[in-house]
Amino acid sequence: MKSVINPEYSHLADDFKKVIEGDYTPLKVYCDKRNRVELIEVGGRKFVVKRYRHLPPALGIIYTFFRKTKARKAYEHALLLLDKGISTPKPAAYYERKRFGIFSDGWFISEYMNLPTLLESFYHGGFTPEEHHAAAIQLSEFTAKLHSAGIQPLDYNTSNIMYRKEGNEFQFALIDINRMRFGRVPGLKDSMRAFFQIGIIPSDYIDLLTPYILQRGFNFEASLYQILRHQRRMNRKRSFKAMLHRLFRRNK
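Each helix and strand counted, the chain has seven helices and 10 strands in total. The C-alpha atoms of the chain give 20 Å as radius of gyration, which agrees with the globular expectation for 252 residues (18 Å, within 12%). Taken along its principal axes, the extent of the C-alpha atoms in the chain is 55 × 55 × 35 Å. In the chain, of all internal contacts separated by at least 6 residues, the share reaching a separation of at least 24 is 63%. Accessible surface, the chain: about 14,100 Å² in total, of which carbon and sulfur atoms supply 53%. Side-chain charges of the chain comprise 42 positive and 25 negative groups, with the mean position of each set lying 12 Å from the other.

For the rest of this paragraph, the subject is a nonpolar patch on the surface. There is a patch of nonpolar side chains on the surface, built from Phe240, Met243, Leu244 and Leu247 and spanning about 340 Å² of accessible area. Mapped onto the fold, Met243 is located in helix H7 (residues 220-250). Note on Met243: relative accessible area 34%, which makes it partly exposed.

Turning to its location among the elements, Met192 is positioned in helix H5 (residues 188-198). For Met192, a relative accessible area of 0% corresponds to the buried category. Each C-alpha atom of the pair Met192 and Thr64 lies 33 Å from the other, and the pair is 128 residues apart in sequence.

One pass over the full model with this rule turns up 14 salt bridges. With a closest N to O distance of 2.8 Å, Arg51 and Asp105 form a salt bridge. One end of the pair, Arg51, is in strand E4 (residues 45-52); the other, Asp105, is in strand E6 (residues 102-111), with 54 residues separating them in the sequence. Given the relative accessible area of 24%, Arg51 is considered partly exposed. Taking the relative accessible area as the measure of exposure, Asp105 reaches 0% and is therefore buried. Overlapping salt bridges, with partners in common, bring together Asp32, Arg36, Glu38 and Arg53 in one network.

What counts and how
Residues numbered from 1 in each chain as written. Predicted model: local features only at pLDDT ≥ 70, side-chain atom pairs only at ≥ 80, totals over all residues. Heavy atoms only, no water. Helix = DSSP H or I, 4+ residues; strand = E, 2+ residues; numbered from the N terminus. Rg over C-alpha atoms; globule rule 2.2 N^0.38 Å. Contact = heavy atoms within 4.5 Å. Areas by Shrake-Rupley, 256 points an atom, 1.4 Å probe, with all protein chains shown as cover. Lys, Arg positive; Asp, Glu negative; His and termini not counted. Charge placed at Lys NZ, Arg CZ, Asp CG, Glu CD. Patch = residues over 30% accessible without salt bridge, like charges linked within 9 Å, V, L, I, M, F, W, Y side chains within 5 Å. Salt bridge = Lys/Arg side-chain N within 4 Å of Asp/Glu carboxyl O. Buried < 20%, exposed > 50% of the residue type's maximum accessible area, 1.4 Å probe, protein only.

Below, the structure written as structure tokens:
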């Protein structure tokens, strides 16, 4: 078992080890699908632990010899974001377990941030029209700030963006950050992928796109065209998967 613990939390090393060994009771389970995400309490403080479950041997080999594990990337990306002034839960530790010398599963532990996600408010009636307008504009500006700094989240959707509202000002924080690119300012195509992932709807085109393209110097029509291209590509992918599913069921 490999363990890396943020020095700030070194006094909790034994408690974290118990969590990895399963000797704990979660306060809440957020997700229990391919990965498991839970809220825990350790040393009188709340943390979120994400377990990346057992991988097929082929993927285990890749993460052993060729790629960083998701747990390690989540930890290191959090440190990079905080260093660049981007809010994200403070990383506490990550763990990697091997079986027969091959990576099997990992854990990432971070401080708990008691904030809502945009998914809960942006498109589900949680904001007033005025709040929705302000959030859209400020999210656009936040996205431009990320991209201009060479930070490109690859799972950039409203369930992975938390927010704090103070008066008319929104402050955003990123979660689920193991898939990111650093160091390269994205061009038009990659930049618009972010807005496609957010789930931009016609009523938000102006508010979400305008501040961004003004800051980046992009053309509105060209930007919108790239969003629609991403949507068309996704629709084709879904149609292809549905066709394979029907063929499989027919031949079963």
